[in-house]
Amino acid sequence: MDEVNTQHGPLHADVAVIGGGVIGLGIAWEARRVGRSVVLIDPAPASGATFAAAGMLAPVSELHYQEEDLLELMLESSALWPDFERNVTGSRGGRGTGYRTTPTLAVGADAADRRALADLRDVQLANGLVVESVPLREAREREPLLSPQISCAFDIPGDHQVDPRRLSAAILGALADHLPGDSSWIAGAEGGFAVRDTAAGLLWEGGRVVGVVLDSGIEVHATETVVANGLDTARLNGLPDGLSLPLRPVYGDILRLRVPEQLQPLVTATVRGIVRGVPVYIVPRDDGTVVIGATQREDGLSESGGTANPVSAGGVYQLLRDAQVLVPAVAELELLEATARARPGTPDNAPLLGRVGSEGGGDTAVPGLIVASGFFRHGVLLTPAAAKICVGLMDGTVDPRWNKFRPDRFSRPLAAARASTAGPSAGTSNPLPKDHA
């Protein structure tokens, strides 16, 4: 990829989005779609947690005990998905994203797993969700390769799926779908929008954020800056004084396997199971492959001095073992890929989403700054909602339903917004041209 073209000096845009994972991509696209010029800052977009994600859009299955506050946001985002996907693919002449609205089938391996799923169903029903018991014979008619030994099956019509890799490619294509001279074209950025560099810190002037300084020293000047770079969010220089963003890495191992022609389709829809109390899922792809996952670990493997995203041998064994309990034919598939990535988790497993209060998390927000990070298991599902919320904030629209996810909720009272400028332009006047101010 080409480096940023420095002959133009600082880059200027309405919006600078730091982070090219699915959340950052979704926000960048929505901002562009409503008429803003956008710079997306990431040295390797869609190569982090998004690259490994299975892409389940599962507000019902992902309802966890003591995480009920997330449910409203998950349901909101799930309802936004059809239009969001249609807008992305429509801009590229039908480029696919692997979006499927087929129901999810939840199954249990033994009697204890049946009780666990039944208990979870009680919680789901109590929250107004639709989960229907399916006779085992009917479940095996729908998915003939299911094990005859499964103990129960439940239909979840509200849980769907998308292929995050194809989705990311479609959004990047949509962002590139403009010409030099268009109002959305950013001079000096690759394709008029992309900056393949790492954000070093925020630029400040007069108590507001006015852009980003890159590792290369180049500046990106913007009216709004969205910090959406996952685990790197808290490491960014120039964050408001006292702001605490407690993000932790939670690794997940995921497998991709090719289904031989004689076994296709292995499953026609996502199968989520519990095997001896341990979750596992099998997600079909349009290209004849399946994704198997569900491990979740916070261990020292990544600190052992090996690869940056180490795959756990125990995790691979567990996934293959448990998937075969539910669908024995998994043993006959070709293993193509074992991948691990760290997802950004927070103490309450809910995202850091919104503006940052300038003093003590109060009503006065730091102008020009939005945080969208810490989406943990729900990044793909919550992308349309995060995009809508962030672009709404740019328009001055605040939906009080989402105040519970404010990014400053873990912070001590913040100092007043900075008046100084972080980075190499410290002490300079506002660098934004009039039409971007």
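Everything below is about the structure shown above.
Residues numbered from 1 in each chain as written. Predicted model: local features only at pLDDT ≥ 70, side-chain atom pairs only at ≥ 80, totals over all residues. Heavy atoms only, no water.

Draft legend 1. Broad picture of the overall build of the protein. Secondary structure summary: the protein contains eight helices and 18 strands in total. When each of the 437 residues of the protein is scored for burial, the buried share is 55%. Across the protein, every contact between residues at least 6 apart in sequence was considered, and the portion connecting residues at least 24 apart equals 76%. As displayed, the protein has an accessible area near 17500 Å², and 49% of this comes from carbon and sulfur atoms. (Helix = DSSP H or I, 4+ residues; strand = E, 2+ residues; numbered from the N terminus. Buried < 20%, exposed > 50% of the residue type's maximum accessible area, 1.4 Å probe, protein only. Contact = heavy atoms within 4.5 Å. Areas by Shrake-Rupley, 256 points an atom, 1.4 Å probe, with all protein chains shown as cover.)

Draft legend 2. Up close: the pattern of salt bridges. Going through the model one piece at a time under the given rule, you end up with 25 salt bridges. Ionic pairing is found between Glu298 and Arg248, a salt bridge with its closest N-O pair at 3.0 Å. Here the residue Glu298 occupies a position in the loop between strand E15 (289-293) and helix H7 (313-326), and Arg248 occupies one in strand E12 (residues 248-258), the gap between them amounting to 50 residues. Here Arg256 ties to Glu337 by a salt bridge, and the two come within 3.6 Å at their closest N and O atoms. (Salt bridge = Lys/Arg side-chain N within 4 Å of Asp/Glu carboxyl O.)

Draft legend 3. Molecular detail of the nonpolar core. With 60 residues, the main nonpolar core has Ile27, Val226 and Ala372 as its most contacted residues. It is helix H8 (residues 379-394) that contributes the most residues to this core, 11 residues altogether. Those residues within four positions of Val226 in sequence are excluded, and the remaining contacts are Val15, Ala16, Val17, Ile18, Ile27, Ile370, Ala372 and Met394. (Core = buried A, V, L, I, M, F, W, Y, C linked by side-chain atoms within 4.5 Å.)

Draft legend 4. Main features of the environment of Pro148. Mapped onto the fold, Pro148 is located in the loop between helix H5 (136-142) and strand E6 (152-156). Exposure remark for Pro148: the relative accessible area of 55% places this residue in the exposed category. Spatially, the C-alpha atoms of Pro148 and Leu326 are 8.7 Å apart, while their sequence positions differ by 178 residues.

Draft legend 5. Molecular detail of the pairing of E12. The element E12 is largely enclosed, with a buried count of eight among its 11 residues. Of the strand pairs in this sheet, E12 and strand E16 (residues 334-345) are connected by 11 bridges, and their pairing is antiparallel. Bridge assignment links Pro249 to a residue of E16, and that residue is Pro344. Across five bridges, the pairing between E12 and E15 is antiparallel. Note on E15: the bridge partner recorded for Leu255 is Ile292. (Pairing = 2+ DSSP bridges.)

Draft legend 6. Up close: the packing of helix H3 (residues 69-90) against helix H6 (residues 164-175). Two elements in contact, H3 and H6, have axes separated by 9 Å at closest approach and are oriented at 55°. As judged from the angle between their axes, H3 and H6 are oblique. Of the residues in H6, those in contact with Trp81, Phe84 and Val88 of H3 are Leu167, Ala170, Ile171 and Ala174. Split into classes, the residues belonging to the contact of H3 with H6 amount to seven nonpolar, no polar and no charged. (Axes fitted to C-alpha atoms, helices over the stretch in contact; angles between N-to-C directions. Parallel < 35°, antiparallel > 145°, perpendicular 65-115°, else oblique. Nonpolar A, V, L, I, M, F, W, Y, C, P; charged D, E, K, R; others polar.)

Draft legend 7. Spotlight on the packing of aromatic side chains. All chains considered together, the criterion is met by three aromatic pairs. An angle of 80° between the planes, with centres 5.4 Å apart, marks the rings of Trp81 and Phe84 as edge-to-face. Of this pair, Trp81 and Phe84 both sit in helix H3, three residues apart, roughly one helical turn. Each member of the pair, Trp81 as well as Phe84, carries the same accessibility label: buried. Centre to centre, the rings of Trp81 and Tyr99 are 5.8 Å apart; their planes meet at 20°, and the pair counts as stacked. Linking Trp81 in helix H3 with Tyr99 in the loop between H3 and strand E4 (104-108), this pair joins segments that are 18 residues apart in sequence. Looking at Trp81, the relative accessible area reads 1%, which means it is buried. Through pairs of rings, three or more aromatic residues link up here, namely Trp81, Phe84 and Tyr99. When the ring centre of Phe51 is taken as origin, the NZ or CZ atom of Arg165, which lies over that ring, is 3.6 Å away. (Phe/Tyr/Trp six-rings, centres within 6.5 Å; stacked < 30°, edge-to-face > 60°. Lys NZ or Arg CZ within 6 Å of the ring centre and 35° of its normal.)

Draft legend 8. Summary view of the layout of surface pockets. In this model, the second largest pocket occupies a volume close to 470 Å³. If you trace the second largest pocket, you find 23 residues lining it, with Ile389, Leu393, Thr397, Val398 and Asp399 closest to the centre. Only H3, strand E17 (352-354) and H8 provide two or more residues apiece to the lining of the second largest pocket. Ranked by residues supplied to the lining of the second largest pocket, first place goes to H8 with six residues. (1 Å grid on protein atoms, 1.4 Å probe; cavity = no way out; pocket = protein on both sides within 12 Å on 5 of 7 lines; lining within 4 Å. Points joined across faces, edges and corners; volume = space filled by probe spheres on them.)

Draft legend 9. Representation of the side chain of Asp113 in the model. If you trace the backbone, Asp113 turns up in helix H4 (residues 111-126). Although Asp113 is buried, it makes no salt bridge; Arg276 carries the closest opposite charge, 6.9 Å away. A distance of 2.8 Å separates a polar side-chain atom of Asp113 from the backbone nitrogen of Gly277. Excluding residues within four positions of it along the chain, Asp113 makes contact with Gly108, Ile274, Val275, Arg276 and Gly277. (Lys, Arg positive; Asp, Glu negative; His and termini not counted. Polar contact = N/O pair within 3.5 Å; in protein donor to acceptor, adjacent residues only side chain to side chain.)

Just geometry here; none of it tells us what the structure is for.
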